[in-house]
Every structure is written in C-alpha cells, then in structure tokens.
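Given next are the chains, with one letter for each unit.
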Amino acid sequence: FGLLANILNIIIFLKAGAKDSVTILLLSLSASDLLYLTLIVANMSVEAMRLLAPSHIWTFDSSILAVFSYWPAMIAYDFSSYITVSLGIMRCVCVALPIKFKHVVSTTKTIIFVVCLGAIAIIMKLPEMTEYRISCREDPQTNTTTLYLERFNYVQALQVYTILNRAIAYMVYISMVASVIVLIIKLYKASKIRRSCPSDLSDSDPRKPPTQAMSSRDIQLVKSVVLICSIFIVSQSAFLIPSMARLILPNVYDNTILAISAGVTYRILKFLNASVNIFVYYNFNRKYRSIFLSLL
C-alpha cells in the first residue's frame, strides 16, 4: 500500500506543479518514503527467506543483500524525517512571520535545502556503513570462492554512530513536538478569531484595525502539516522510548519477548509513517483531491 500510495502522491504533486516550497517538500517526502519502502523490501525478503526456508543454499552470503539494502533504506527514512521536521518548522515560522518569511524562502532555495538534507542524511549514516566490507572465502573441498560480509572496526563505528544519531534523533523529536504545539496554538487562536469576526462586514467598525486571521486555505495547510508531524512523532516515539529505557536500564531488553515486541512495533510504525500521508493530503489539500479524482 505504501509503495502504491507514494507513487500516486508523486504523480499528483508533479501534475499540480512544484511551484511553492510546501509542494516541493511534500513531493520530496513522497519520493523519500517510496525509496525507503522499496529498499526495505529486499531486507525484509532476506529475513523472510531465512525464517521460512532456513535450509536454502545461497550462492553468496545473504547478509550482503540484507545489510546493503537496509542502510540505504535507513538513509531514505532519515531523509524523510528531516523533511518532515523542516516542514513543521517552516510552517511555524510562516504562521508567526508570514510577511517576512514569504520573501525569504523561494522554490530554488527550497530545492537546494532539500539536497543539503539528503547529503546530511548520507553523512550521518557513513560511520555505521564503514564497518562492513565484502570479502572472499575459498572452499578447498569444492574449489569455489564465495562472497561474504565481513565486519570490522565495529566498536568504534558503533560509538560514533550512536552518539551522532541519538543526539540528532532527540533534537529532531523535540523540534517536531515544539512545532506541533505552536501550530496547534495558532490554529486555536485562528479559530477564535474567525468565530469572533462579524458575519456582516457592514457591522464592523472601520476605526478598528483589521484582524490578522489565517485564510481557510492556510488553516487547511496548517492542519495537514500538524497531522503529518503528529504521525512522525508517534512513529519516532517507538524508537526513542526504548532507546531512552536502554540508557537508563541497560538490561531492560534482555527479555526476548519484550525486545521482539519493541522491534516489531517500531518497524510497523515506520511503515505506516511512510504510507498513510495520502489520507492527509486527500482530506486537507483541495488541489490534490481534485487531481486524485480526475485520475480515477
């Protein structure tokens, strides 16, 4: 479902035209989610074969396919996370400083910004990826050479990876929660302003300054961003809570059932996070909905 949904998202956003920063970010988010789900299929397929066909004879070490599809998939997932956070923060600034922010962010700057986010996502995963290399193993009995995955420099790479990525994960999470809180407050204030506005413009007092209220389109856009960010917050909590628990109680996941449950929950929420945005777009983006219905 996630693969089909993100392909549809990309088609619709391209048809709509990436003429503003929000559309560019949403298009990039859909492309990144599609890449993540595509790459993770290979990793999941290897895991399924190991479980369902343990006696299957591989012509090479199956870990090669599993690892070298998993880490690029994690890069794509982190890229999606950075885009989501940027979307929330940018919408916060846009709501707080609409006039100033409008002239700061252009489509060209947004594209450059997205490329930089992709570069950061790759750089942050390099320490973990450098611990693997493909080596050859010779079998004198059959006179054959097979490829296998070798791990080296594991302890140092893991330390660097843990420090960098955990710190960034917590910063991203806190920024996202703060952005959502600010946007919810702005939505609440906007709804109060709209309710307090007189239904008949002739009854308004011309001596009073005009009330700064968000338009219906802006309100719908902010609602969609809040929902996208909230989905991300829920999915990331399945990683951050166990991670924090492991820091406080190092042996908390010695219980196999607890460890497996945490891992499965986190994986399912990651899949949902990369798949369900289509419902948000359909409900809160009029242009997206019209193109979607025309495609049907």
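The name recorded for the protein in an unreviewed UniProt entry is G-protein coupled receptors family 1 profile domain-containing protein, from Elysia chlorotica. Entered under Subcellular location (unreviewed entry) in the UniProt record, the comment concerning the protein runs "Membrane".

Draft legend 1. Representation of the pairing of strand β2 (residues 144–151) in the model. In the sheet, strand β1 (residues 132–139) pairs with β2 via eight bridges, with the strands oriented antiparallel. Across the sheet, Arg137 pairs through a bridge with Thr146, a residue of β2. The antiparallel pairing of β1 with β2 creates a hairpin that spans four residues between the two strands, and Asn143 there sits at a positive phi of about 55°.

Draft legend 2. View of the packing of helix α9 (residues 277–284) against helix α10 (residues 286–295). Relative orientation of the contacting elements α9 and α10 amounts to 105°, with a least axis distance of 5 Å. In terms of their interaxial angle, α9 and α10 are classed as roughly perpendicular. Mapping the contact onto sequence places Ile278, Tyr281, Tyr282, Asn283 and Phe284 in α9 and Arg286, Tyr288, Arg289, Phe292 and Leu293 in α10. When the residues that make up the contact of α9 with α10 are grouped by side-chain class, the tally is seven nonpolar, one polar and two charged.

Draft legend 3. Representation of the UniProt feature "transmembrane region" (unreviewed entry) in the protein. Residues annotated by UniProt as "transmembrane region" (unreviewed entry) correspond here to residues 24–44, 111–127, 167–185, 224–245 and 257–282. A helix fraction of 100% and a strand fraction of 0% characterise residues 111–127, whose end C-alpha atoms lie 26 Å from each other. Counted over residues 167–185, helix gives 100% and strand 0%. Its end C-alpha atoms are 27 Å apart.

Draft legend 4. Molecular detail of α10. Turning to α10, its buried residues are Tyr288, Ile291 and Phe292. All buried residues of α10 lie within an arc of 105° about the axis, which places them on one face of the element. Exposed residues on α10 whose side chains face more than 90 degrees from its buried face are Arg286 and Ser294. Where α10 is buried, its residues contact α1 (2–16) and α9. Where α10 begins, the side chain of Asn285 points an oxygen toward the backbone nitrogen of Lys287, at a separation of 3.2 Å.

What counts, and where the lines are drawn
- Residues numbered from 1 in each chain as written.
- Predicted model: local features only at pLDDT ≥ 70, side-chain atom pairs only at ≥ 80, totals over all residues.
- Heavy atoms only, no water.
- UniProt positions renumbered as here; feature names shortened; annotations may be inferred.
- Pairing = 2+ DSSP bridges.
- Helix = DSSP H or I, 4+ residues; strand = E, 2+ residues; numbered from the N terminus.
- Axes fitted to C-alpha atoms, helices over the stretch in contact; angles between N-to-C directions.
- Parallel < 35°, antiparallel > 145°, perpendicular 65-115°, else oblique.
- Contact = heavy atoms within 4.5 Å.
- Nonpolar A, V, L, I, M, F, W, Y, C, P; charged D, E, K, R; others polar.
- Buried < 20%, exposed > 50% of the residue type's maximum accessible area, 1.4 Å probe, protein only.
- Arc of directions from axis to C-beta.
- Polar contact = N/O pair within 3.5 Å; in protein donor to acceptor, adjacent residues only side chain to side chain.

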